[in-house]
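# Fold and geometry: a report
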Amino acid sequence: ADESAQFELRYKDLLDVRLQLPSQRMGINDQVQGQVEFVKVGLPINAVTVEIIRLEASESGAETQFDTTTEMGRVQVLDWEPILHTSVPVHLDFGSFPSLSPTYNCANNQFSVRYYLKLELAETSGRKFSKKN
């Protein structure tokens with residue numbers, strides 16, 4: 001059975017935000033319902049997004065060279081200051097990003113394509129905090 005995915009974005013004692021998704025594995029046409037939970041908010045946050053990141057790497061024998069990192073899509077979770085101890089629903093419709101492909105791990109011993117989710121928070125001053133998982 002696949003376990004749920006959860007990762008936390010923390011900054012000192014000022015910020016603790018958690019992204020929770022029902023599964024660690026997702027298909028390119030899946031629609032996933034999750035939530036962002038604001039455990040501690042001691043900074044003036046005014047925007048939260050979830051990004052889909054593609055990492056392409058070429059394989060050469062025992063060496064792996066990371067060639068490109070591309071933002072494939074972005075979902076705005078909220079665009080106002082979050083309230084402490086609240087959860088905001090997140091809907092990820094991977095089918096709405098037509099350039100997604102399956103994950104390839106060392107295909108033909110030549111290349112890999114992996115996808116990650118990145119939780120990003122923006123402060124009113126323009127400073128950003130992010131965590132990739």
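Residues numbered from 1 in each chain as written. Predicted model: local features only at pLDDT ≥ 70, side-chain atom pairs only at ≥ 80, totals over all residues. Heavy atoms only, no water.

In terms of regular secondary structure, the protein is built from zero helices and nine strands. Reading the helices (α) and strands (β) of the protein from amino to carboxyl end gives β-β-β-β-β-β-β-β-β. Dimensions of the protein, computed from the C-alpha atoms along their principal axes, are close to 50 × 30 × 25 Å. Within the protein, the fraction of its 133 residues that count as buried is 38%. For the protein, the proportion of contacts with a sequence separation of at least 24, taken over those separated by at least 6, is 58%. (Helix = DSSP H or I, 4+ residues; strand = E, 2+ residues; numbered from the N terminus. Buried < 20%, exposed > 50% of the residue type's maximum accessible area, 1.4 Å probe, protein only. Contact = heavy atoms within 4.5 Å.)

Let's shift gears to the pairing of strand 8 (residues 111–123). Looking along a regular strand, one sees side chains alternate from face to face of the sheet. Where strand 7 (residues 104–107) meets strand 8, two bridges bridge the pair, whose relative direction is antiparallel. Of the residues in strand 8, the one forming a bridge with Ala107 is Phe111. Connecting the antiparallel pair strand 7 and strand 8 is a turn made up of three residues, with Asn108 showing a positive phi of about 55°. Bridge count between strand 8 and strand 9 (residues 128–132): five bridges; the pairing is antiparallel. Looking at the pairing, Ala122 lines up with Lys128 of strand 9. Linking two consecutive strands that pair antiparallel, namely strand 8 and strand 9, is a turn of four residues; a positive phi of about 105° is found at Gly126 within it. (Pairing = 2+ DSSP bridges.)

All right, on to the pairing of strand 2 (residues 15–21) then. By the criterion of burial, strand 2 is predominantly enclosed, with five of the seven residues buried. Bridge count between strand 1 (residues 5–11) and strand 2: seven bridges; the pairing is antiparallel. By the bridge assignment for strand 2, Leu9 is matched with Val17. In this antiparallel pair of consecutive strands, strand 1 and strand 2, the connection spans three residues, and Lys12 shows a positive phi of 45°.

Taken together, four strands build an open sheet; the order of strands is 1-2-3-6 and the sheet is antiparallel. The outermost strands of the open sheet, each flanked by one partner alone, are strand 1 and strand 6 (86–93). Neighbouring strand axes in the sheet, compared pairwise and without regard to direction, differ in orientation by 20° on average. Two elements, strand 2 and strand 3 (residues 31–41), share six bridges in a ladder whose sense is antiparallel. Its bridge partner being in strand 3, Leu19 is matched across the sheet by Val36. (Axes fitted to C-alpha atoms, helices over the stretch in contact; angles between N-to-C directions.)

One finds Leu92 and Leu119 to be the most contacted residues of the largest nonpolar core, which totals 31 residues. Elements that contribute at least two residues to this core include exactly strand 1, strand 2, strand 3, strand 4 (45–60), strand 5 (63–78), strand 6 and strand 8. Looking at this core element by element, the count peaks at five residues for strand 8. Contacts of Leu119, omitting those with residues within four sequence positions, involve Phe7, Leu9, Val17, Leu19, Val36, Val48, Thr49, Val50, Phe129, Ser130 and Lys131. (Core = buried A, V, L, I, M, F, W, Y, C linked by side-chain atoms within 4.5 Å.)

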